[in-house]
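Now for the letters of each chain:
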Amino acid sequence: MKKNLISVIILALLIVNIVLTAIMMFSVTGASRKTAALVDNIATALNLELASGTEGGAEEVVSMADTETYSFAENMTIPLKKSEGDDKDHYCIVSITLSINTKADGYKEYGSAENLATREGLIKDEINGVFANYTMEEARDNQEEIKKEIINRIQQMFDSKFIYNVSFGDIMFG
């Protein structure tokens, strides 16, 4: 009878152990799912951040030794698109500097300061065309997007990627 009583106690403890393990599994599984979702969200954000630098193809890194700059002599005064419900004309005053890769194709043809100076009017027209699509608020908030559009349009104009970056200095909106 002692053996049966011990067997019943062991069986009862085994059942209690299974029940407690099941409860623990369900409580840990919920927290584990939330942790996995958080890790997925962080990984997605990191991938977006990494992908934004390579959007539109892999961007090459240009060393400072291979970089030349061309700055426009005067600040540009660019008319902006009118905001809805606003009858005022808004402008952007900005100084622009182009970063040029001296090792890229097209540099020998177009990249010298003299060549860029003769085509400065065309480049300014492309810049004006991009800024004209934005209201003052949009231009203030989307400067990186504007830079990407300007670079794309200039690269299409020259049919070369020797101009790889545009920088805005002393940008003012009014």
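Residues numbered from 1 in each chain as written. Predicted model: local features only at pLDDT ≥ 70, side-chain atom pairs only at ≥ 80, totals over all residues. Heavy atoms only, no water.

Engineer: Any chance you could explain the overall build of the protein chain here in plain terms?
Structural biologist: Summing up its helical and strand segments, the protein chain has 6 helices and 4 strands in all. N-terminal to C-terminal, the α/β element order of the protein chain is α-β-β-β-α-α-α-α-α-β. Taking 174 residues into account, the globule formula puts the C-alpha radius of gyration at 16 Å, and the protein chain, at 31 Å, lies well above it. Along the first, second and third principal axes, the C-alpha atoms of the protein chain reach 110 × 50 × 25 Å. (Helix = DSSP H or I, 4+ residues; strand = E, 2+ residues; numbered from the N terminus. Rg over C-alpha atoms; globule rule 2.2 N^0.38 Å.)

Engineer: It is not clear to me how the side chain of S99 should be interpreted in this structure. Could you clarify?
Structural biologist: Examined against the element boundaries, S99 turns out to sit in strand β3 (residues 91–101). Discounting residues that sit within four places of it in the chain, S99 has contacts with T67, E68, F162, I163, Y164 and N165. (Contact = heavy atoms within 4.5 Å.)

Engineer: Help me understand a negative patch on the surface, please; the structure alone is not making it clear to me.
Structural biologist: On the surface, E137, E138, D141 and E145 cluster together to form a negatively charged patch. Structurally, D141 can be placed in helix α5 (residues 136–141). (Patch = residues over 30% accessible without salt bridge, like charges linked within 9 Å, V, L, I, M, F, W, Y side chains within 5 Å. Areas by Shrake-Rupley, 256 points an atom, 1.4 Å probe, with all protein chains shown as cover. Salt bridge = Lys/Arg side-chain N within 4 Å of Asp/Glu carboxyl O. Lys, Arg positive; Asp, Glu negative; His and termini not counted. Charge placed at Lys NZ, Arg CZ, Asp CG, Glu CD.)

Engineer: Looking at this structure, I do not really get the packing of aromatic side chains. What am I missing?
Structural biologist: Centre distance and the angle of the planes are the two values used to describe a pair of aromatic rings. In the structure shown here, the tally under the stated rule is 5 aromatic pairs. An angle of 70 degrees between the planes, with centres 5.8 Å apart, marks the rings of Y70 and F72 as edge-to-face. By relative accessible area, F72 is classed as buried at 6%. Geometrically, the ring pair formed by F131 and F168 is tilted, given 5.6 Å between the ring centres and 45 degrees between the ring planes. Placement of F131 in helix α4 (residues 120–131) and of F168 in strand β4 (residues 163–173) is noted, with a sequence separation of 37 residues between them. The exposure classification of F131 matches that of F168, with both residues buried. (Phe/Tyr/Trp six-rings, centres within 6.5 Å; stacked < 30°, edge-to-face > 60°. Buried < 20%, exposed > 50% of the residue type's maximum accessible area, 1.4 Å probe, protein only.)

Engineer: Hey, could you run me through the nonpolar core in this one?
Structural biologist: Proteins that are soluble and globular tend to have nonpolar side chains buried together. Of all hydrophobic cores here, the largest spans 29 residues; its most connected members are I96, L98, I127, F131, I150 and I163. Of all the secondary structure elements, the ones that give two or more residues to this core are β2 (76–79), β3, α4, α5, α6 (143–158) and β4. The contact partners of F131, leaving out residues within four places of it in the chain, are I78, P79, L80, C92, I146, I150 and F168. (Core = buried A, V, L, I, M, F, W, Y, C linked by side-chain atoms within 4.5 Å.)

Engineer: Any chance you could explain a nonpolar patch on the surface here in plain terms?
Structural biologist: On the surface, L11, L14, I15, V16, I18, V19, L20 and I23 cluster together into a nonpolar patch covering about 750 Å² of accessible area. The topology assignment puts L20 in helix α1 (residues 2–52). Given the relative accessible area of 53%, L20 is considered exposed.

Engineer: Explanation requested: the pattern of salt bridges in the structure shown.
Structural biologist: One side chain can pair with another of opposite charge once the charged atoms of both are near each other. Evaluation of the coordinates by the stated rule reveals 4 salt bridges. Measuring nitrogen to oxygen at the nearest pair gives 3.5 Å for the salt bridge that ties K147 to E144. One end of the pair, K147, and the other, E144, are both in helix α6, 3 residues apart, so they sit about a helical turn from each other.

Honestly, that's just the spatial picture; any functional story needs more than this.
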